[in-house]
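Understanding the architecture of this molecule
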Amino acid sequence: MFPSIARHCRPCVPVFPQVRGKAMGHNSGDLFQLMGDILASARLDDRARFTQMVAETKANMEAGIIGSGHRYAASRLSAQRSIAGWMGEATGGLSYLEFIRGLAKRVEEDWEGVQADLESIRKHLLQRKGALVNLTGDDRALAAAAAHVDELLTRLPETAAAGPSGEAWAGVLPRLNEALVVPTQVNYVGKAANLYADAGYKLSGSAYVIEKHLGTSWLWDKVRVVGGAYGGFCSFDSHSGMFTFLSYRDPNLLDTLEAYDGSVDFLRSLELDQDALTKAIIGTMGDLDAYQLPDAKGYTAFSRYLLGVTDEERQERRDQVLGTTQKDFREFAEVLDCVRGDAARVVAVTNADKAAQVLQERPGFWELRKVL
């Protein structure tokens, strides 16, 4: 069970708690029964088991920020610009790790309060009204599963209990540069801006081609080959507008940021022959049309429905990908210029010495936050 968050930049962000599973068609009844048990009657009074789950989550996340710090950096950057990003960080980033640490202490000191909170969450979260069910299978499997949908839904209350009034989401994290300090010999360097809000960009499918080419050419050469990082890449979230540069197991900090900023001039001066452009377009189409098993196809279709992505919009983006020209690269450079401007922010996972060294070279550049 996990939350799905619509990532459009809008004031009201829908959050969908989800339960997913798959089974053979003749076992669909057992699957729905199990889902109903998880949602409606799971025991929330097993202190020993819950303590173990919290401890495992804490250990995994603390190991993750050292081994996959780029994900935490990207999450912090996204949380500065949208409610959806903030919610994702609160349920899977550094803020979530801090919450888990506090929860571990509460389990030891106030188990009754924790159990009451768990019961309250279930009471306020689950309801039959507005529930959405997505089924994927052949005709026989769907027919077998459909007979059990109502059995699952009837186990949920018609409406959830009313929540406390006056409780508002924080919205976004403060917009600042951060160094997340951990015991590590390498760095994970992130820099991002929002192309929609900061540059007034109107989405075109050509952005997918440019993003891919930038990652396999300039960033590969400057961050990985020359800089010595294990990885250097960029990502564009077309729903939120966030364009994020990231490095993985990187020996550098400021040099990597300079490489990110150099992406703009690289695109402005880029000369692509038709063969290279065709390869970039084909690679992008391969990502858009990547092979999926039936369960992945169903989940992708469901996600698009929740996000409001229509088939017409997808076809428009595909046509724009196929029609990408060198002119699109140069025009995108003007948009990407905001990522090296005042609107951009930097978050890096690094060690204390390297974070302090940056402050010596650029006083006031960022705030240090000790994580481990």
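Up top is the structure these notes are about.
Here the structure is a predicted model, which means the values were calculated and not measured. (Residues numbered from 1 in each chain as written. Predicted model: local features only at pLDDT ≥ 70, side-chain atom pairs only at ≥ 80, totals over all residues. Heavy atoms only, no water.)

Turning next to the overall build of the protein. Within the protein, the secondary structure is distributed over 16 helices and eight strands. Computed over its C-alpha atoms, the radius of gyration of the protein comes to 23 Å, within 12% of the 21 Å expected for a compact globule of 372 residues. Viewed in the frame of its principal axes, the protein has a C-alpha envelope of about 60 × 50 × 35 Å. Among the 372 residues that make up the protein, the fraction classed as buried is 42%. Long-range pairs, those at least 24 residues apart, make up 79% of the contacts in the protein between residues at least 6 apart in sequence. The positive charge centre, built from 42 side chains, and the negative charge centre, built from 49, are 1 Å apart in the protein. (Helix = DSSP H or I, 4+ residues; strand = E, 2+ residues; numbered from the N terminus. Rg over C-alpha atoms; globule rule 2.2 N^0.38 Å. Buried < 20%, exposed > 50% of the residue type's maximum accessible area, 1.4 Å probe, protein only. Contact = heavy atoms within 4.5 Å. Lys, Arg positive; Asp, Glu negative; His and termini not counted. Charge placed at Lys NZ, Arg CZ, Asp CG, Glu CD.)

Our next topic: the pattern of salt bridges. The tally for this structure, following the rule as stated, stands at 27 salt bridges. A salt bridge links glutamate 62 to arginine 101, with the shortest nitrogen-to-oxygen separation between them at 3.1 Å. Linking glutamate 62 in helix H2 (residues 47-67) with arginine 101 in helix H5 (residues 94-109), this pair joins segments that are 39 residues apart in sequence. Residue class for glutamate 62 comes out buried when judged on its relative accessible area of 18%. A residue is classified by how much of its surface remains accessible, and arginine 101, at 23% relative accessible area, is partly exposed. Of the charged contacts in the structure, one is a salt bridge between arginine 340 and aspartate 265, with a shortest N-O distance of 3.4 Å. One end of the pair, arginine 340, is in the loop between helix H15 (326-336) and strand E7 (345-350); the other, aspartate 265, is in helix H11 (residues 254-269), with 75 residues separating them in the sequence. Residue arginine 340 is classed as partly exposed on the basis of its relative accessible area of 30%. Classification of aspartate 265 by relative accessible area gives partly exposed; the value is 40%. One salt-bridge network, in which partners are shared between bridges, spans Arg76, Glu89, Glu98, Glu178 and Arg369. (Salt bridge = Lys/Arg side-chain N within 4 Å of Asp/Glu carboxyl O.)

A word on the side chain of glutamine 80. Inspection of the secondary structure puts glutamine 80 in the loop between helix H3 (69-79) and helix H4 (83-90). For glutamine 80, a relative accessible area of 4% corresponds to the buried category. With sequence-adjacent residues up to four places away left out, glutamine 80 is seen in contact with Val172, Leu173, Pro174, Arg175, Leu176, Glu178, Arg345 and Val347.

This part covers the pairing of strand E5 (residues 231-236). The pairing of E5 with strand E6 (residues 242-248) spans six bridges and is antiparallel. Bridge pairing in E6 places cysteine 234 opposite phenylalanine 245. Taking the residues that link successive antiparallel strands as the turn, the E5-E6 hairpin has five residues, and the phi of glycine 241 there is positive, at about 95°. (Pairing = 2+ DSSP bridges.)

Let us now look at the packing of H11 against H15. Helix packing geometry: the angle between the two helix axes and the distance between the axes. Contact geometry for H11 and H15: axes closest at 7 Å, N-to-C directions at 155°. Of the possible angle classes, the one that applies to H11 and H15 is roughly antiparallel. Where H11 crosses over H15, the handedness of that crossing is left-handed. Along its contact with H11, which presents Ser263, Val264, Leu267 and Arg268, the element H15 presents Phe329, Arg330, Phe332, Ala333, Glu334 and Leu336. Among the residues forming the contact of H11 with H15, the class breakdown is six nonpolar, one polar and three charged. (Axes fitted to C-alpha atoms, helices over the stretch in contact; angles between N-to-C directions. Parallel < 35°, antiparallel > 145°, perpendicular 65-115°, else oblique. Left-handed = near helix turned anticlockwise from the far one by under 90°. Nonpolar A, V, L, I, M, F, W, Y, C, P; charged D, E, K, R; others polar.)

Looking now at the packing of aromatic side chains. For the structure shown, the criterion picks out 13 aromatic pairs. Residues phenylalanine 365 and tryptophan 366 carry aromatic rings whose centres are separated by 5.3 Å and whose planes lie at 55° to one another, so their mutual orientation is tilted. There is no split in this pair, since phenylalanine 365 and tryptophan 366 are both buried. Three or more aromatic residues joined by ring pairs make a cluster, and in this case those are Tyr196, Tyr201, Phe236, Phe243, Phe245, Tyr260 and Phe332. Taking NZ or CZ as reference, arginine 249 lies 5.3 Å from the ring centre of tyrosine 230, over its face. The ring of phenylalanine 365 carries arginine 362 above its face, with NZ or CZ at 5.5 Å from the centroid. (Phe/Tyr/Trp six-rings, centres within 6.5 Å; stacked < 30°, edge-to-face > 60°. Lys NZ or Arg CZ within 6 Å of the ring centre and 35° of its normal.)

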